[in-house]
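Topology and contacts: notes
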Amino acid sequence: IPNLRLVASHSPAIARHADDVAERVLRIARPHAACFLGLAWMADKRMAFHCRRQGIPVVSYQHGGSIGTHVYAPHELNDFGQSDYFLTYGEGIRTRARPVFPVRARLVPVGSTVQERVRSLPRPFLKGRRKKTVKVLWISEVSIRNTMGSTHVTEDTRRYLLQKSCLMTLSAASNLRVTYRPGPPGTNKWHHGTTQWLKSANLPSNCVALRQPLVDLIQECDIVISDRAASTVWNEAIAQQKPLILYCNPRQTRLLPHFVTDLEQACYWCKTEEMFVAAVQRLATEGADFVAELRNMDTSTYLENYVLHRNDGKCVQRIVGFINSVCRHGQPVDEWERSVNEGFQLAGKKGKVLAQ
């Protein structure tokens, strides 16, 4: 009740302040487009509202793999419902057939500039075709002591016991070296039971990576294991061409039907605890042979639909061209997409963009 009372009493004044700032900013900047990396907060939504009143296109850029792949109503309330255009990682990013909130945004596939850059980085040189020791990277789900709500998962203690059991299996295998990454970064203030257990258990061939960049950890490993419900880390592993063993229970983490089909082809997906335990045991037993088998999985469709769009190294050019052609010059999206498909070369004077 005290929290609700504060929200009710303070929100009108905060909204009025946001409106005042938005009006002044737009009067001074006079942008051709207002670009957002997520439209979740009230101040952002008030800015978007004033842009629409003045005919300024509101452009939002996808900021996580789970948008348009997971069943999650706030995505519809935020980016899908507030933007005029939503730039996505690929054509597989879609809205639900029956959304809870009205969808306003036009979805425009351009690809992920971050993953495109990561794929261009030099890869570590690995001597020999097959190493005796397999480097395993476990990217973990957040641990929250069952006291906080989570986006796509529910029970926490059961997951902790599953992690302990599987890590003990991996540790007992002499042909594996395991790095455990709790996550995501910035949640260290929460309780990481598995991290504390690993430090006290002192298991052989196991280490905990808290601060190393995830890009570096993925590059240095041979295979990724993840029980993270958000698909951003799935995209990162697949984009860096690393075999992925995924534990994702679709009864907890609800996925859109078309995404389910593509995900099954791109990784070794374990939908139950029993399947996940069996996969971990197989990795511990077969080692490099199992990794080599998983490397043969075809990830091209997944990458095009959910990560890199056309996988042609031109994500940045597509974004710049879209803002210049559609937002500044008012070219219809369909004509812009057709010109891009026909090899349209970006040209023209620079427009003014307001990045929120």
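Model, not experiment: these values are computed from the prediction. (Residues numbered from 1 in each chain as written. Predicted model: local features only at pLDDT ≥ 70, side-chain atom pairs only at ≥ 80, totals over all residues. Heavy atoms only, no water.)

1. Looking at the overall build of the protein chain
- Along the backbone of the protein chain there are 15 helices and 11 strands.
- By the burial criterion, 48% of the 356 residues in the protein chain qualify as buried.
- Considering only contacts in the protein chain between residues 6 or more positions apart, those separated by 24 or more positions represent 70%.
- With an accessible surface of roughly 18500 Å², the protein chain has 52% of that area assigned to carbon and sulfur atoms. (Helix = DSSP H or I, 4+ residues; strand = E, 2+ residues; numbered from the N terminus. Buried < 20%, exposed > 50% of the residue type's maximum accessible area, 1.4 Å probe, protein only. Contact = heavy atoms within 4.5 Å. Areas by Shrake-Rupley, 256 points an atom, 1.4 Å probe, with all protein chains shown as cover.)

2. As for the packing of helix 6 (residues 157-171) against helix 7 (residues 193-201)
- In contact at an axis separation of 10 Å, helix 6 and helix 7 are set at 35° when each is read in the N-to-C sense. Helix 6 and helix 7 meet at a crossing whose hand is right-handed. Contacts between helix 6 and helix 7 involve Tyr 160, Gln 163, Lys 164, Leu 167 and Met 168 from the first element and Gly 193, Thr 194, Trp 197 and Leu 198 from the second. (Axes fitted to C-alpha atoms, helices over the stretch in contact; angles between N-to-C directions. Left-handed = near helix turned anticlockwise from the far one by under 90°.)

3. Here's the deal with the packing of aromatic side chains
- Taken as a whole, this structure holds 12 aromatic pairs when the rule is applied.
- Relative to Phe 276, the ring of Trp 138 has its centre 5.6 Å away and its plane inclined at 80°; by these criteria the two rings are edge-to-face. Of this pair, Trp 138 sits in strand 5 (residues 134-139) while Phe 276 sits in helix 11 (residues 273-286); the two residues are 138 residues apart in sequence, bridging distant segments of the chain. Pair check on accessibility: Trp 138 and Phe 276 agree, each one buried.
- Taken together, the aromatic side chains of Trp 138, Tyr 180, Tyr 247 and Phe 276 make up a single cluster linked through ring pairs.
- Stacked on the ring of Trp 269, the Lys or Arg Lys 271 has its end atom at 4.5 Å from the ring centre. (Phe/Tyr/Trp six-rings, centres within 6.5 Å; stacked < 30°, edge-to-face > 60°. Lys NZ or Arg CZ within 6 Å of the ring centre and 35° of its normal.)

4. Examining the sheet that holds strand 9 (residues 244-247)
- An order of 7-6-5-8-9-10 is seen for the 6 strands of this open sheet, with the pairing classed as parallel. On the outer flanks of this sheet lie strand 7 (206-208) and strand 10 (268-270), each paired with one strand and no other. Each strand of the sheet is rotated relative to its neighbour by a mean of 20°, with strand direction disregarded.
- Pairing geometry for strand 9 and strand 10, over 3 bridges, is parallel. Bridging across to strand 10, Tyr 247 finds its partner in Cys 270. (Pairing = 2+ DSSP bridges.)

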